[in-house]
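Examination of the molecular architecture
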Amino acid sequence: MITEQDIYHFESSIEQLIKTCERLTEENRLLRSQQTDNTQERARLLDKNQNVRGKLEEMISRLKNIEQTS
């Protein structure tokens, strides 16, 4: 037989599960947002790296040309 105390205990457990679910949902939302931000930052850094690499290669090429003409 289910007592009033059992019902109270179940109700309390369900409330805790709901709170945990809400907390995890919010945590998941924040993590997904951070992941999106990190992905965008990575793409920006890769592009910047590529630009710097191109400039360095151009400078090396110029230096080699100067060296060859000297």
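All chains use their own residue numbering, which begins from 1 and follows the written sequence. Given that this is a predicted model, residues contribute local features only at a pLDDT of at least 70 and side-chain atom pairs are listed and counted only at 80 or more, while totals for whole chains, interfaces and linings are drawn from all residues. The side-chain figures draw on all heavy atoms in the structure; neither hydrogens nor water molecules are used.

Digging into the overall build of the protein chain
What counts, and what does not: Numbering of helices and strands runs from the N terminus; a helix is a DSSP stretch of H or I covering at least four residues, while a strand is a stretch of E covering at least two. Radius of gyration here is computed from C-alpha atoms only, and the compact-globule reference equals 2.2 Å multiplied by the residue count raised to the power 0.38. Buried, partly exposed and exposed residues are distinguished by accessible area as a fraction of the type maximum, computed with a 1.4 Å probe on protein chains only: under 20%, between the cut-offs, and over 50%, respectively. Exposure was quantified through the Shrake-Rupley algorithm and a 1.4 Å probe, taking into account, for residues, occlusion by the shown protein chains and nothing else. Only four residue types enter the charge count, namely Lys and Arg as positive and Asp and Glu as negative; His and the chain termini do not. A charged residue contributes its charge at one atom only: NZ of Lys, CZ of Arg, CG of Asp or CD of Glu.
Helix and strand content of the protein chain: 1 helix and 0 strands. Its C-alpha atoms give the protein chain a radius of gyration of 30 Å, clearly above 11 Å, the size a compact globule of 70 residues would have. Summarising its shape, the C-alpha atoms of the protein chain cover approximately 100 × 15 × 10 Å along the three principal directions. The proportion of buried residues among the 70 residues of the protein chain is 0%. For the protein chain, the computed accessible surface area is about 7,100 Å², with 55% contributed by carbon and sulfur atoms. Across the protein chain, the centroid of the 11 positively charged side chains sits 15 Å from that of the 13 negatively charged ones.

So, a nonpolar patch on the surface
Note the threshold: By definition, no residue in a patch forms a salt bridge, and every one has over 30% relative accessible area; like charges are joined within 9 Å, nonpolar side chains (Val, Leu, Ile, Met, Phe, Trp, Tyr) within 5 Å. One speaks of a salt bridge when a side-chain nitrogen belonging to Lys or Arg is within 4 Å of a carboxyl oxygen belonging to Asp or Glu.
Side chains of Ile2, Ile7, Phe10, Ile14 and Ile18 sit close together on the surface and give an oily, nonpolar patch of about 510 Å² of accessible area. The residue Phe10 is located in helix H1 (residues 4–69) in this model.

Quick notes on the pattern of salt bridges
Two side chains of opposite charge can pair, provided their charged atoms sit close to one another. Scanning all chains against the criterion turns up 4 salt bridges. Glu41 is the salt-bridge partner of Arg44, the closest N and O atoms lying 2.8 Å from each other. Residue Arg44 and its partner Glu41 are located together in helix H1, separated by 3 residues, close to a single helical turn.

These figures capture arrangement, not role.
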